[in-house]
Structures are given as structure tokens and as C-alpha cells.
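So you can see what is in the structure, the chains are spelled out below.
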Amino acid sequence: MDVELRGITKRFGTVLANDNVNLMIRGGEVLGLLGENGAGKSTMMNILSGLYSPDAGEIVIDGKAVAFEGPGDGIAAGIGMVHQHFMLVPVFTVAENVVLGVEPTGALGHLDLKKARAEVEEINEKYGLHVPADALIEDLPVGIQQRVEILKVLFREADVLILDEPTAVLTPQEVEEFFGIVRSLKEAGKAIVFITHKLHEILAVSDRINVLRQGRITGEGDPKALSEADLAEMMVGRPVSFTVDKAVAQPGKPMLEMRNVVMLDDGDDLVLDHVSLTVRSGEVLGVAGVQGNGQTELVEAIAGLERTASGKIVFDGEDITHASVRERHRQGMAHIPEDRHRMGMIATFTIAENMVLNSYYDEEYTRGLSVDWGHVQETAAAFCVDFDVRTPSVFLPAGNLSGGNQQKMVVARELERQTKLVIASQPTRGLDVGSIEYIHKRLIQSRDEGDGVMIVSSELDEIMGLSDRIVVMFEGKIVAEFDNTAGSADRNAVGLAMAGASGETTSGAAA
Ligand SMILES: Nc1ncnc2c1ncn2[C@@H]1O[C@H](COP(=O)(O)OP(=O)(O)OP(=O)(O)O)[C@@H](O)[C@H]1O
Ligand SMILES: [Mg+2]
């Protein structure tokens, strides 16, 4: 099936999100879509899938113009979308989620889940998805949840699959498996639109690349003839530096000290197993590890979001083991959470409100007993300029921002105030290459101003590029430590430690 977008234009108030876009999507082909945060990628795909209707232009399927009045029409025409932010019901099983809305019924009109399960298994088999049909969504790792989203659109017999930043939350291993699935979909003749900010990924799987800038298609290219640097420049209109520019660290006094910190999960299993570490003023400590080895819990313990069972946490000389989140924040701890939707923002609040979400009660923003909204507005607008959060007004709901701009908003709020310690978890998730460059610069700036900085990231490149020292987490423990002054850590040794290799093989580990 071939699909064409002709002259698609879409406005949101004063924002021209798509400006006369023409796009060709062909069966048996992977079309890679690149563009800065807010360029209009998700909007364009929401139009293609029937979720939004365009202000002008048309969608043409196999030569015939169609008009969609909702996502139901899109899927009926064979176009299915996997959204940037998942839309599964956590307490339902895989099979239940897959059939939701199109439940097959038996002779008496009751739900025929057995039939649904059989179909799920068939699709599983055909495309090598390996999803357990009876598992509850909430018990599955993110990588598998995403395959459930893919299963869902395949179950609805989609011929065009739109995948909006599917790899943003995947581990490198899961990305490899995901590519395998994409290839088998392609071989089966499906058309795939793949959106990502990771240039090496788009080069690895796309047959054709289109670049979007400020709502317009500004470039088309052949992945075989383009480099990452070419793509970056096509996207942002200037050369982008992929390496982090920084001087050798000048570590000072300990800003954060963890001594034998233990955390248990609901089933009393150890999720933090006697973790001890130090982050000094003026240094970046990178925490490397395959997702799910205790990094999330480590950050929750430091930020005060989860109780620890034993051990001690000291922040700038003060014992904060039992301090509240607000106390830690007031003392100068910044926290960029890994999941911006769950922890970092309130989508229905305005951008201005989100910018002061954890500081509106500070003296700076209050006048007598009330909040000084004029000052909040000015500050929020300034933050947006500094961090290039693209919006026509700070009085719009934060949920209207594009995914990457939401992330920039959260990072701006955390870094644009007096801090002593920055805990940054997946700080550049979903950001375009230009924004990543800027956020990295700001994190190093925090370091050079004397903050202790801790970066948790599943991107090993990010850890290697930013950190002065690296610790590796495996099964809730810190299993190795590496000095990374001037990039001296051995990448392979770090990788081996991440995979749980024993102490002997990680001989690069420092005391
Ligand atoms: N529902 C909406 N209401 C108002 N404005 C919107 C809405 N959805 C998108 N926009 C605006 O349209 C523009 C394009 O957003 P879109 O989400 O398509 O960008 P994107 O290319 O997907 O970016 P990202 O890489 O950050 O996901 C942005 O300026 C955004 O603020
Ligand atoms: Mg998007």
C-alpha cells in the first residue's frame, strides 16, 4: 500500500505545526523521519493516522483521496500509529489490551478472548515479537510493552505502521531486537514510518530519509550516502558537535555521600544492595548500567522519593537519610527525573506553573501570602529562551508542547536555580542533537560552578562523554568504578561490567 500526503497544513493557534507538507510512503519500505524538537513530526503523523484533521491538504491512499474523521477511520484504512507516549492499560493482560475496542465476540455476543489469544499468538509468531499473551502489562519491561503496541496495530491489520520515537526508552539490546522486527515487517510488505532522534539508528534501518524543519520538509536523502554529521546539519541548520567540550575536573569536598544504602521492594527483595558512593563538588559521576539494575531506585533514594531500609545519605555534610523531598530540594538538590510524565510535570498545568512546580512557595516567587505570578511569568519566559523551549506563550498547557520541548522545560526548571547537587536521570531522552549539545554544556557548567553532578543514563556514549568518574550498577550493587579523566576509561571494560562480568575482568576498576 502506498500513501501520499499532499499539501498538508496544520495550525495550533499561532503555531504553524505543518506547512504544506508533501510526503510519500511506500509499502515494503522504511521511511525515516528526522527533525528538531517541535518541527512537526508527531503532528504530521497524527494527521496521517486520523487523530487530527488537517487545515488544508489531503491524504491519498493508492491513488485515491480519503478523509479521516478520527483514528478509527485511519485504522480502517490500514494506517496504525504507535505513539511517542504509550497508551496501554497497565492492569490488563497483553491479549486484553490488544483487543481493546475491537473485541472479537462469540455466537452469543460475549467476548471471545480465546480467539483473540490465538490471533495474538499468530502475529507473535509471524513477526518474531515474542510477547507473552497472558502477562499483565504492568509486569512487562518497557521494551516488551512497546511490542504490545505494535501487536495492537498489526491485530487491526495495519499496512502502514507509524512508529513515533519507539527506541527512546529501549536498551541497546532491545533496539537491536526492535530492528529485527522492523525488518520482518518490511519483508511482509508493510510500510513503516520511523521517527527517532538517534542518527545512527535512522541510518541503520531506513531506506529513505526525510527531514522536517519548522513544519516543512527541507531535505530528502539516501541513508547510504549520508553521515550523521550531514543529517545533524540538515536538521538544525548548523554543524553540531557530538563530543562534550570540557576541562579536567577540579573535585572538591563531598557533596553527596551514600554509605551502605539498602532498599527493599514490595516483596522484600534487595533492590539497592549496600550501595556506597561519593559525588564531589566539581565533578560528574556517571552511573552506567543496563536499565533495571537499581539505577531508578538509587535516584529515588537520593531524591527522597522512596524509603531506604538502612544506611546513610549525607548531602553537603548534613544527614538527609530521612529528609523530605521538599527539604532536599530547598537545600539545593536538583532532580531531573527519568520519566517526565510520571514525575516531572503536570500536563494540564501551564508551562509557567510547571516551571515553578517545586519552588512557587520560595521567597522569590511570593508576595505576602500569595504567588507573584507576574514574576513567575517573566522567569518562565526567560527559562524558555535559555533552553529553547519552543512555545508561543508560557500560558499554554505544558501537554501541548512537543515531547522534546516538555523535556527541555523540566531540565530548565531544575538547572536554572541555585543548586549544589544535580541528579540527572536520562537528561536528554527524546531531545534532538542540537538540544543534547546544549544540555550537556549546561550540566558541565553546573559542575564548573562547583556543583556535584550525577548522571544516570542508559546511553553509554553519554556516560563516557560527560563523566569524570564512572560507577557501574549491576543487580542493585555497584560492581565497578572507573576513572574517566580526559576520557581515560576503557569503554569495553565498562561494557563488560554492565553485563555483570566478574571483578577480575574489569581490571580497569579503581579502588
Ligand atoms: N495539541 C496541540 N496543541 C497546541 N499545540 C500543539 C499541539 N500539538 C503540537 N503542538 C505544537 O505544534 C508544534 C509541533 O509539535 P510536534 O509534537 O509535532 O513536534 P515533534 O516534531 O514531534 O517534536 P518532538 O521531537 O519534540 O517530539 C510544536 O510547536 C507544538 O508545541
Ligand atoms: Mg514528537
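Keep in mind that what you see is a predicted model, and the values were worked out from it rather than measured.

J.: It is not clear to me how a negative patch on the surface should be interpreted in this structure. Could you clarify?
T.: A cluster of acidic residues, Asp265, Asp266, Asp268, Asp269 and Glu306, forms a negative patch on the protein surface. Following the sequence through the fold, Asp269 ends up in the loop between β11 (254–264) and β12 (270–280). Its relative accessible area of 47% is what places Asp269 among the partly exposed residues.

J.: Please clarify how helix α17 (residues 491–498) should be interpreted in this entry.
T.: One full turn of an α-helix is made of 3.6 residues, so residues set three or four places apart face in the same direction. Restricting attention to buried positions, one finds in α17 the residues Ala493, Val494, Ala497 and Met498. What you see down the axis of α17 is that its buried residues fit within an arc of 145 degrees, all on one side. Looking at the packing, one finds that the buried side of α17 touches β13 (284–288), α16 (460–466), β21 (469–474) and β22 (477–483). With a side-chain oxygen positioned 3.0 Å from the backbone nitrogen of Asn492, the residue opening α17 is Asp490. The first or second residue beyond α17 is Gly500, which carries a positive phi of 85 degrees.

J.: What is the right way to read helix α1 (residues 41–48) from this model?
T.: Most of α1 is tucked away: 7 of the 8 residues are buried. For α1, every residue scored as buried is listed here: Lys41, Thr43, Met44, Met45, Asn46, Ile47 and Leu48.

J.: Is there a simple way to think about the nonpolar core in this case?
T.: Soluble globular proteins: nonpolar side chains tend toward being buried together. Counting 37 residues, the largest nonpolar core has Val94, Leu129, Val148, Ile150, Leu151, Leu154 and Phe178 as the members making the most contacts within it. Elements that contribute at least two residues to this core include exactly α3 (94–99), α4 (113–127), α5 (142–155), β7 (160–164), α6 (172–187) and β8 (191–195). Ranked by the residues each element gives to this core, the list is headed by α5, at 7 residues. Not counting chain neighbours up to four residues away, the residues in contact with Leu129 comprise Ile123, Asn124, Arg147, Ile150, Leu151, Leu154 and Ile181. One finds Ile336, Met355, Ala380 and Ala424 within the second-largest nonpolar core, a separate group that totals 32 residues.

J.: What is the right way to read the confidence of the model for the protein chain from this model?
T.: A low pLDDT score tells you not to read the predicted coordinates there in detail. Taken as a whole, the protein chain shows an average pLDDT of 91; of its residues, 96% reach a score of 70 or greater. Within the model, pLDDT remains below 50 along residues 504–511, and this stretch shows 12 contacts once partners closer than five positions in the same chain are excluded.

J.: I keep staring at the sheet that holds strand β10 (residues 216–221) and nothing clicks. Help me out?
T.: Strands belonging to one sheet form pairs held by backbone hydrogen bonds; the direction of such a pair is parallel or antiparallel. Taken together, the 6 strands give an open sheet; going across it, the order is β6-β7-β8-β3-β9-β10, and neighbouring strands pair in mixed fashion. Looking at strand neighbours, the two that pair on one side only are β6 (79–82) and β10, the edges of this open sheet. Direction aside, the axes of adjacent strands within the sheet are offset by 20 degrees on average. In terms of strand pairing, β7 meets β8 through 5 bridges, oriented parallel. Looking across to β8, one finds that Val160 is bridged to Ala191. Contacts from α1 reach β3 (30–35), β6, β7, β8 and β9 (208–213), with the element oriented near 140 degrees to β3. Packed on one face of the sheet, α6 meets β3, β7 and β8 and runs near 150 degrees to β8.

J.: Looking at this structure, how should I read the domain arrangement of the protein chain?
T.: Accessible area lost upon the coming together of the parts is a frequently used measure of interface size. Examined at the domain level, the protein chain breaks down into domain 1 (3–236), domain 2 (241–332 + 418–511) and domain 3 (347–414). Averaged C-alpha coordinates put domain 2 and domain 3 at centres separated by 27 Å. Tallying the contact residues gives 14 residues for domain 2 and 12 residues for domain 3. Here domain 2 packs against domain 3, burying approximately 1000 Å² in sum over the two surfaces, 54% of which is carbon and sulfur. Where domain 2 packs against domain 3, one counts 0 salt bridges. Remark: the boundary between domain 2 and domain 3 carries 4 residue pairs in polar contact (both at pLDDT 80 or more). Elements that contribute at least two residues to the side of domain 2 that touches domain 3 include exactly α10 (325–330) and α15 (433–448). Top element by residues in the side of domain 2 that touches domain 3 is α15. It accounts for 4 residues.

J.: Looking at this model, I keep getting lost on the packing of aromatic side chains. Mind explaining?
T.: Pairs of aromatic rings are described using the distance from one ring centre to the other and the angle between the two planes. Counted by the stated rule, this structure contains 5 aromatic pairs. For the ring pair Phe12 and Tyr52, a centre distance of 5.6 Å and an interplane angle of 75 degrees mean the geometry is edge-to-face. Pair noted here: Phe12 is in strand β1 (residues 3–12) and Tyr52 is in the loop between α1 and β4 (56–61), with a separation of 40 residues, a long-range link. For Tyr52, a relative accessible area of 31% puts it in the partly exposed group. Ring geometry for Phe178 versus Phe194: centroids 6.0 Å apart, planes at 45 degrees, classification tilted. Of the two residues, Phe178 sits in helix α6 while Phe194 sits in strand β8, which places them 16 residues apart along the sequence.

J.: Sorry if this is basic, but what is going on with the side chain of Asp451 here?
T.: You can see Asp451 is positioned in the loop between α15 and β20 (452–456). An unpaired buried charge is present at Asp451: no salt bridge exists, and Arg417, the closest side chain of opposite charge, is 8.8 Å distant. Residues in contact with Asp451, not counting those within four places in the same chain, are Arg280, Ser281, Gly282, Glu283, Thr419, Lys420, Leu421, Val422 and Ser446.

J.: Quick question: what am I supposed to make of the pattern of salt bridges here?
T.: Pairing is possible between side chains that carry opposite charge, provided their charged atoms lie close to one another. According to the stated counting rule, one finds 29 salt bridges in the structure shown. In this structure, the salt-bridge partner of Asp134 is Arg117, at a minimum N-O distance of 2.8 Å. Residue Asp134 is located in the loop between α4 and α5, and its partner Arg117 is located in helix α4; the two are separated by 17 residues in the primary sequence. You can call Asp134 partly exposed: its relative accessible area is 49%.

J.: Whenever I open this one, the site of ligand 1 confuses me. Can you help?
T.: Residues in close proximity to ligand 1 total 20 residues, the closest being Gly38, Lys41, Thr43, Ser402 and Gly404. Between an oxygen atom of ligand 1 and a side-chain N or O atom of Ser402, the distance comes to 2.7 Å. In the environment of ligand 1, an oxygen atom lies 2.7 Å from a nitrogen or oxygen atom belonging to the backbone of Gly404. Taken by itself ligand 1 offers 630 Å² of open surface, and the protein chains cover 87% of this. Going through the elements one at a time, β2 (15–25), α1 and α14 (403–415) are the ones with two or more residues in the shell around ligand 1. Take the shell around ligand 1: its biggest share by element is 3 residues, from α1. A per-class count over the shell around ligand 1 returns 6 nonpolar, 11 polar and 3 charged. The two domains that each donate at least three residues to the shell around ligand 1 are domain 1 (3–236) and domain 3 (347–414).

Here is what the cut-offs are and how they apply
- Each residue is numbered by its place in its chain's sequence as written, counting from 1.
- To read the labels, note that chains go from A and ligands from 1, taken in the order they are written.
- For a predicted model such as this one, the threshold for reporting local features is a pLDDT of at least 70, and the threshold for listing and counting side-chain atom pairs is 80 or more; totals across whole chains, interfaces and linings nevertheless cover every residue.
- Processing note: side-chain calculations cover all non-hydrogen atoms of the structure and skip hydrogens and water entirely.
- Put simply, a patch holds well-exposed residues, over 30% relative accessible area, that have no salt bridge, with like charges counted together within 9 Å and Val, Leu, Ile, Met, Phe, Trp or Tyr side chains within 5 Å.
- In short, Shrake-Rupley with a 1.4 Å probe defines the accessible areas, and a residue's cover is counted only from the protein chains shown.
- For salt bridges, the criterion is a side-chain nitrogen of Lys or Arg within 4 Å of an Asp or Glu carboxyl oxygen.
- The sign given to each residue is positive for Lys and Arg and negative for Asp and Glu; His and the chain ends receive no count.
- Taken as the charge location is NZ of Lys, CZ of Arg, CG of Asp or CD of Glu.
- Secondary structure is summarised from DSSP: a helix means a run of H or I of at least four residues, a strand means a run of E of at least two, and numbering begins at the N terminus for each.
- Note on exposure labels: buried denotes an accessible area under 20% of the residue type's maximum, exposed denotes more than 50%, and partly exposed covers the range between, all computed with a 1.4 Å probe on protein chains only.
- In this description, the arc belongs to the directions extending from the helix axis to the C-beta atoms.
- Throughout, a residue-residue contact means that at least one pair of heavy atoms, one from each residue, lies within 4.5 Å.
- Whenever two N or O atoms come within 3.5 Å, that pair is a polar contact, provided that in protein one can donate a hydrogen and the other can accept it, and provided that, for residues adjacent in sequence, both atoms are side-chain atoms.
- Only buried residues count toward a nonpolar core, which is a set of Ala, Val, Leu, Ile, Met, Phe, Trp, Tyr and Cys residues joined through side-chain atoms within 4.5 Å.
- For every residue, the pLDDT score states the predictor's confidence, bounded by 0 at the bottom and 100 at the top.
- Paired strands, as defined in this entry, are two strands with at least two bridges between them according to DSSP.
- Between N-to-C directions, angles cover 0 to 180 degrees, with each direction set by a line fitted to C-alpha atoms, over the stretch in contact for helices.
- Domain limits in this description derive from either an automatic procedure or a database domain assignment.
- Computed with a 1.4 Å rolling probe, the buried area is the accessible surface lost when two parts are put together, summed over both parts.
- When two rings of Phe, Tyr or Trp (its six-membered ring) have centres within 6.5 Å they constitute a pair, described as stacked for plane angles under 30 degrees, edge-to-face for angles over 60, and tilted for the intermediate range.
- Think of it this way: one heavy atom of a residue within 4 Å of a molecule or strand is enough to make that residue near it.
- The classification used treats Ala, Val, Leu, Ile, Met, Phe, Trp, Tyr, Cys and Pro as nonpolar, Asp, Glu, Lys and Arg as charged, and all other residues, Gly among them, as polar.

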